Amino acid sequence: MPVDKGVTLDPARTREQILRVAGEVLYEQGLDGIGVAGLCARAGVSKETLYRHFGSKDGLVRAVLEARSDRIARWLREAAEEAGPEPAAQLAAVFDALARWYEEPGFRGCAIMNAAAQHHEGSAPAVAARHMDRHLELLSGIATRAGAADPGTLARQFLLLMEGAAVVADHHGVAGTGEQARRAALTLLHAATARRDT
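Residues numbered from 1 in each chain as written. Predicted model: local features only at pLDDT ≥ 70, side-chain atom pairs only at ≥ 80, totals over all residues. Heavy atoms only, no water.

Caption draft 1: Up close: the side chain of H135. With respect to the secondary-structure elements, H135 resides in helix 7 (residues 124-145). When sequence neighbours within four positions are dropped, the list of residues in contact with H135 reads I72, L76, L159, M162 and E163. (Helix = DSSP H or I, 4+ residues; strand = E, 2+ residues; numbered from the N terminus. Contact = heavy atoms within 4.5 Å.)

Caption draft 2: View of helix 7. Compared with the 32 Å implied by 1.5 Å per residue over 22 residues, the 32 Å span of helix 7 between its first and last C-alpha is a close match. Within the sequence span of helix 7, burial applies to A124, V127, A128, H131, H135, L136, L138, L139, G141, I142 and A143. Its buried side turned inward, helix 7 meets helix 4 (57-82), helix 5 (87-102), helix 6 (111-118) and helix 8 (151-171). Of the residues one or two after helix 7, G147 is the one with positive phi, at around 85 degrees. (Expected span 1.5 Å × (residues − 1). Buried < 20%, exposed > 50% of the residue type's maximum accessible area, 1.4 Å probe, protein only.)

Caption draft 3: Geometry of the environment of L50. Turning to its location among the elements, L50 is positioned in helix 3 (residues 47-54). It is 8.1 Å that separates the C-alpha atoms of L50 and R15, two residues lying 35 residues apart in sequence. Ignoring anything within four residues of it in the chain, the contact list for L50 reads I18, V36, C40, G55, S56 and L60.

Caption draft 4: Summary view of the packing of aromatic side chains. All chains considered together, the criterion is met by four aromatic pairs. Residues W101 and F107 carry aromatic rings whose centres are separated by 4.9 Å and whose planes lie at 85 degrees to one another, so their mutual orientation is edge-to-face. With respect to burial, W101 and F107 carry one shared label: buried. With a centroid separation of 5.4 Å and 55 degrees between ring planes, the pair formed by Y102 and F107 is classed as tilted. In this structure, Y102 and F107 share a single accessibility class: buried. One aromatic cluster in this structure is built from W75, W101, Y102 and F107. Above the ring of Y27, the side-chain terminus of R68 is found at 4.6 Å from the ring centroid. (Phe/Tyr/Trp six-rings, centres within 6.5 Å; stacked < 30°, edge-to-face > 60°. Lys NZ or Arg CZ within 6 Å of the ring centre and 35° of its normal.)

Caption draft 5: Geometry of the pattern of salt bridges. Taken as a whole and assessed by the stated rule, the structure comprises seven salt bridges. One salt bridge in this structure joins R134 and D70, with 2.8 Å as the shortest N-O distance. Of the two residues, R134 is situated in helix 7 and D70 in helix 4; the sequence distance between them amounts to 64 residues. Overall, D70 belongs to the partly exposed group, its relative accessible area being 34%. (Salt bridge = Lys/Arg side-chain N within 4 Å of Asp/Glu carboxyl O.)

Caption draft 6: Local environment of the packing of helix 1 (residues 11-29) against helix 2 (residues 36-43). Following both chains from N to C, one finds helix 1 and helix 2 inclined at 125 degrees, their axes separated by 9 Å at the closest point. On the basis of their axis angle, the class for helix 1 and helix 2 is oblique. The interaxial crossing formed by helix 1 with helix 2 has right-handed handedness. Counted together, Q17, I18, V21, A22, E24, V25, E28 and Q29 of helix 1 and L39, R42 and A43 of helix 2 form the full contact between these two elements. Looking at the contact of helix 1 with helix 2, its residues break down into six nonpolar, two polar and three charged. (Axes fitted to C-alpha atoms, helices over the stretch in contact; angles between N-to-C directions. Parallel < 35°, antiparallel > 145°, perpendicular 65-115°, else oblique. Left-handed = near helix turned anticlockwise from the far one by under 90°. Nonpolar A, V, L, I, M, F, W, Y, C, P; charged D, E, K, R; others polar.)

What follows is the structure, encoded as structure tokens:
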């Protein structure tokens, strides 16, 4: 897209524009749903500009997925923090936030997990593994503060509920999936802390 005479280019803003548009397109259409030319047309940039910022389509995909992972990790951490110091309230807040996401129009599951499922090569699987590690870090902290005897295992059970609920909400469309996952997570937490107290 040509730049009008006298307009100053802002590389940071251009990069953010590409990331925003690519994130939308990749979520809507998947990794293979659009080529570099189509991405450039949607973002209003040349191929040279895209390659200058990201090196390749895989470099762009990695940047998009990492930025999304950053946003999700921050969003869930803030949801937990805003719920106060009680671990059960923090866990409930995380699952409440996820339940609201599942109900959003256009929900298509987790873009990061979708990308990793589409491609077992390239950057997507590595970003997905790190993304789940970030979830485990948050959930392990909650389980530890709750006094669970084995917070790592409990956190992994919470993660299974999170990821499974996203898949069910996306592919099965059952209303209340988020609430069911929330109740299951709180039941696990209660069982883990009840054993500690006996």
